[in-house]
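# Coordinate analysis (summary)
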Amino acid sequence: MAKVIEGLYYSESHEYVKVEGDFAYIGITDYAQHALGNVVYVDLPEVDDEVEAGEEFGAVESVKAASDIIAPVSGTIVEVNDALDDQPELLNEDAYENWIIKVKLSDKTELDALMDAKAYAAFCEK
Amino acid sequence: MHKYFPHTEEDLKAMLSTAGVDSLDALYAEVPEQIRFRNDYQLPEEMSELEVRQLFEQLGAQNQQLTCFAGAGVYDHYTPSVIPQLLNRSEFLTSYTPYQAEISQGTLHYIFEYQSMMAELTGMDISNASMYDGTTASAEAMMMAVAAGKKQPRFLVSETVDPKTVKVMKTYAHFHGVELEMIPAENGVTSKESLEMQLAQGGVAGIMVQQPNYYGIIEDYSGFADLCHDSKALFVINGIIADYAVLKTPGEWGADIAVGDAQSLGIPMQYGGPYVGYMCCTEKLIRKMPGRIVGKTVDNRGQRAFVLTLQAREQHIRRQKATSNICSNQSLMALWATVYCSLMGKQGLKEAAELSYAGAHYLCDRLLATGHFQLVYNQPFFNEFLVHFVQPVDKLMEWWQKNNILGGLKVADDKLLIAVTEKRTKEDIDRMVNLLDSFANFAILTDNG
């Protein structure tokens with residue numbers, strides 16, 4: 001049973017959003033890291049890049065697949081988790097603790113389109 | 001039954017019986033009657049081995065052996081006889097590029113050696129397992145630059161790049177939405193001023209230049225890498241790899257990607273192929289490079305082992321997000337180039353290059369001395385040069401061919417691109433020039449007025 005955290009928003013492509021005021025941390029969920037297997041590389045974007053809801057902003061490579069990371073919300077990147085450059089396996093260790101990017105949200109109403117913890121857990125069950 | 005088919009009548013009967021039909025024809029029952037082929041195949045009668053040999057001897061006799069002074073991307077360098085001997089081994093000749101890679105340690109090992117040599121020759125960090133040829137490798141480099149860039153749609157190519165290569169790149173660009181633009185040339189070399197202006201307009205993912213360029217000229221690429229990097233564009237050099245034995249390497253020029261054809265590494269001209277494309281890049285770009293990459297690691301017993309690595313780049317995993325659809329390499333020719341480099345070594349490669357250079361300059365000097373030729377561009381050249389002839393070159397080419405010489409490549413009515421390799425002796429060169437003495441007579445006699 002994949003770990004799901006209360007209070008976060010979730011997308012159908014298994015990304016999560018952790019809101020803090022006008023900012024948000026974005027990463028992949030526990031379900032995603034488990035499905036991918038051992039992560040060997042994270043293709044990170046750069047600070048100041050724009051992300052758009054529904055558009056890919058990077059990729060996660062594991063031994064068996066390379067998966068795009070889709071932005072659940074739009075905004076400007078203010079921080080990138082560079083630790084993932086040398087230690088991509090951090091995503092397997094704790095997907096929620098090890099976020100991928102931090103953005104300044106441009107449209108908070110986009111959160112309404114995402115699932116809450118309960119809905120996401122049910123979504124994963126299917 | 002034909003002697004090369006292993007199945008007997010009994011075998012066929014048994015197979016048909018298992019398939020539940022009584023004849024081979026019955027297997028095609030699904031094919032509509034109106035599209036079935038009922039005519040005569042019009043194939044010639046079978047021939048005995050002797051007759052086949054005679055047929056090919058007759059065909060071969062129609063060829064005229066010419067001493068080659070033509071280049072334009074393909075060079076008549078010497079192939080040491082050890083190479084075809086080794087490559088004719090069935091283990092090399094018939095095996096395909098590995099998919100269950102780890103079981104083919106020998107193949108992976110030689111590809112690893114190949115990669116190491118290409119990286120060393122070009123002065124770059126990494127090489128892939130090879131591409132089909134230099135032309136597609138150039139197109140792939142363009143796609144790689146566009147993929148690595150942040151959606152910049154422009155790619156610039158110098159006018160001094162081989163037009164055949166440019167044509168293929170234009171095809172790739174057209175279907176991938178890349179805006180391919182030419183960088184103008186001035187006096188036979190890439191115009192740095194134009195490049196600066198084109199880069200300043202923004203949106204350039206990368207540029208590609210050639211070394212030596214199409215006219216055989218050794219271009220000075222000082223400052224090109226910096227110009228590109230300041231505009232966040234990649235710098236790609238397409239080069240005649242054998243020449244890097246004596247020329248400044250792409251690595252030294254600050255290139256991000258080095259591509260080209262490795263035919264110059266002892267692969268015979270062979271009427272156009274097969275050749276092999278090489279592709280090398282900096283470590284930073286390794287995850288964007290297409291093609292196979294062989295890596296070296298250790299197994300669970302600590303023994304050295306070779307693997308296909310970084311496979312998550314490839315299109316069978318990345319699918320439409322992959323930089324390229326290539327999932328193969330040109331293994332046999334890559335092996336050819338590898339054995340050539342091993343045999344020649346640094347010293348041999350240097351000598352072959354120096355001899356080619358010397359021969360070309362000797363020929364050029366002698367031709368210019370006749371007063372009938374002029375160098376089109378007053379630029380330093382390697383083993384190939386472009387000359388203007390006082391008359392249309394067709395007649396001259398005809399005269400030379402009558403005397404078993406391929407004088408060069410006609411680039412315009414009055415221009416000839418001439419190449420010399422270490423295979424051309426002083427006698428060959430002198431003979432070619434001395435034929436000019438009797439050319440005038442030939443021209444008059446065969447002139448149709």
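Residues numbered from 1 in each chain as written. Chains lettered and ligands numbered in written order. Predicted model: local features only at pLDDT ≥ 70, side-chain atom pairs only at ≥ 80, totals over all residues.

### Structural notes on the overall build of chain B
Just so we agree on the cut-off: Only DSSP runs of H or I reaching four residues or more are called helices, and only runs of E reaching two or more are called strands; each is numbered from the N terminus. Throughout, a pair of residues is in contact if the C-beta atoms placed from their backbones lie within 7 Å.
When its secondary structure is counted, chain B shows 15 helices and 17 strands. Each principal axis of the C-alpha distribution contributes one length, and for chain B these read about 80 × 60 × 50 Å. Sequence separation of 24 or more characterises 72% of the internal contacts of chain B that already satisfy a separation of 6 or more.

### Describing the sheet that holds strand β14 (residues 384-389) of chain B
All names here are of chain B. To be explicit about the condition: By this definition, two strands are paired if DSSP reports at least two bridges between them. Angles run from 0 to 180 degrees between N-to-C directions of axes, and those axes are lines fitted to C-alpha atoms, restricted for helices to the stretch in contact.
What the four strands build is an open sheet, ordered β13-β14-β17-β16; its pairing is antiparallel. Unpaired on one side and paired on the other, β13 (373-375) and β16 (409-412) mark the two borders of the sheet. Going from strand to strand, the sheet's axes swing by 35° on average, the running direction of each strand aside. Pairing of β13 with β14 involves three bridges; the strand directions are antiparallel. Bridged to Gln-374 within β14 is His-388.

### Things to note about the pairing of strand β7 (residues 66-70) of chain A
Residue and element names in this part refer to chain A. What counts, and what does not: Three exposure classes are used. Buried residues have 20 or more other C-beta atoms within 10 Å of their own C-beta, exposed residues have 12 or fewer, and partly exposed residues fall in between, all C-beta atoms being placed from the backbone.
Counting buried positions along β7 yields four of five residues, so the element is predominantly enclosed. In the sheet, strand β6 (residues 56-62) pairs with β7 via five bridges, with the strands oriented antiparallel. Bridge pairing links Val-60 to Ser-67 in β7. In this structure, the hairpin formed by β6 and β7 is closed by a connection of three residues.

### Comments concerning the sheet that holds β7(A)
All names here are of chain A. An order of β4-β6-β7 is seen for the three strands of this open sheet, with the pairing classed as antiparallel. Either end of the sheet is taken by a strand with one partner, and the two such strands are β4 (39-43) and β7. The mean inter-strand angle of the sheet, taken between neighbouring strand axes irrespective of direction, is 25°.

### Description of unusual backbone geometry
Residues and elements named next belong to chain B. Each neighbour pair has its own omega, and for Gln-211 with Pro-212 the value is -15°, a cis peptide bond. The linkage connecting Gly-273 with the following residue, Pro-274, adopts the cis geometry, with an omega of 0°. Following the sequence through the fold, Pro-274 ends up in the loop between β9 (257-261) and β10 (277-281). Positive phi outside glycine occurs at Ser-130, with the angle close to 110°.

### Quick look at the packing of helix α6 (residues 134-148) of chain B against helix α7 (residues 163-176) of chain B
Residues and elements named next belong to chain B. Rules: An angle counts as roughly parallel when it lies under 35 degrees, as roughly antiparallel when it exceeds 145, as roughly perpendicular when it falls between 65 and 115, and as oblique in every other case. Definitions for this section: a left-handed crossing has its near helix turned counterclockwise from the far helix by less than a right angle. A right-handed crossing has that turn clockwise. Polar here means any residue other than Ala, Val, Leu, Ile, Met, Phe, Trp, Tyr, Cys and Pro, which are nonpolar, and Asp, Glu, Lys and Arg, which are charged; Gly is therefore polar.
Where α6 contacts α7, the axes come no closer than 9 Å and their chain directions differ by 40°. One way to sum up the angle between α6 and α7 is to call them oblique. Read as a crossing pair, α6 and α7 show a hand that is right-handed. Along the contact surface, α6 presents Thr-135, Thr-136, Ser-138, Ala-139, Met-142 and Met-143, while α7 presents Lys-164, Thr-165, Val-168, Met-169, Tyr-172, Ala-173 and His-176. Per-class residue counts for the contact of α6 with α7 are seven nonpolar, five polar and one charged.

### Quick word on the pairing of strand β11 (residues 294-298) of chain B
Residue and element names in this part refer to chain B. Alignment of β11 against strand β12 (residues 304-308), held across five bridges, turns out to be antiparallel. In the strand pairing of β12, Val-294 is matched with Leu-308. A loop of five residues connects β11 with β12, the two strands running antiparallel in sequence, and Gly-302 in this loop sits at a positive phi of about 75°.

### Description of the environment of A:Ala119
By the element assignment, A:Ala119 lies in helix α4 (residues 117-125). Each C-alpha atom, one on A:Ala119 and one on A:Pro72, is 15 Å from the other, the two residues being 47 residues apart in sequence.

### Section: the nonpolar core
For the record, the criterion: A set of buried Ala, Val, Leu, Ile, Met, Phe, Trp, Tyr and Cys residues, joined to one another through C-beta atoms within 7 Å, is what we call a nonpolar core. Here the bounds of each domain stem from an automatic or database domain assignment.
Among the nonpolar cores identified, the biggest contains 118 residues, and B:Ala141, B:Met142, B:Ala145, B:Phe155, B:Ile207, B:Val236 and B:Ala337 are the most heavily contacted of them. The leading source of residues in this core is helix α12 (residues 331-369) of chain B, at 17 residues. Shared between two domains, this core takes at least three residues from each, and those domains are domain 1 (67-77 + 347-446) and domain 2 (82-340) of chain B. Ignoring any residue separated from it by four or fewer positions in sequence, one finds B:Ala145 in contact with B:Phe155, B:Ala205, B:Gly206, B:Leu234 and B:Val236. Among the nonpolar cores identified, the runner-up in size contains 32 residues, and A:Leu44, A:Ile77, A:Val80 and A:Trp99 belong to it.

### Thoughts on the domain arrangement of chain B
All names here are of chain B. The domains assigned to chain B are domain 1 (67-77 + 347-446) and domain 2 (82-340). Inter-centroid distance (C-alpha atoms) of domain 1 to domain 2 is 30 Å. The interface is formed by 23 residues belonging to domain 1 together with 18 residues belonging to domain 2. Secondary structure elements with two or more residues in the side of domain 1 that touches domain 2: α12, β14 and β17 (415-419). When residues in the side of domain 1 that touches domain 2 are grouped by element, the largest group, five residues, is from α12. Here the residues of the side of domain 1 that touches domain 2 sort into 15 nonpolar, four polar and four charged.

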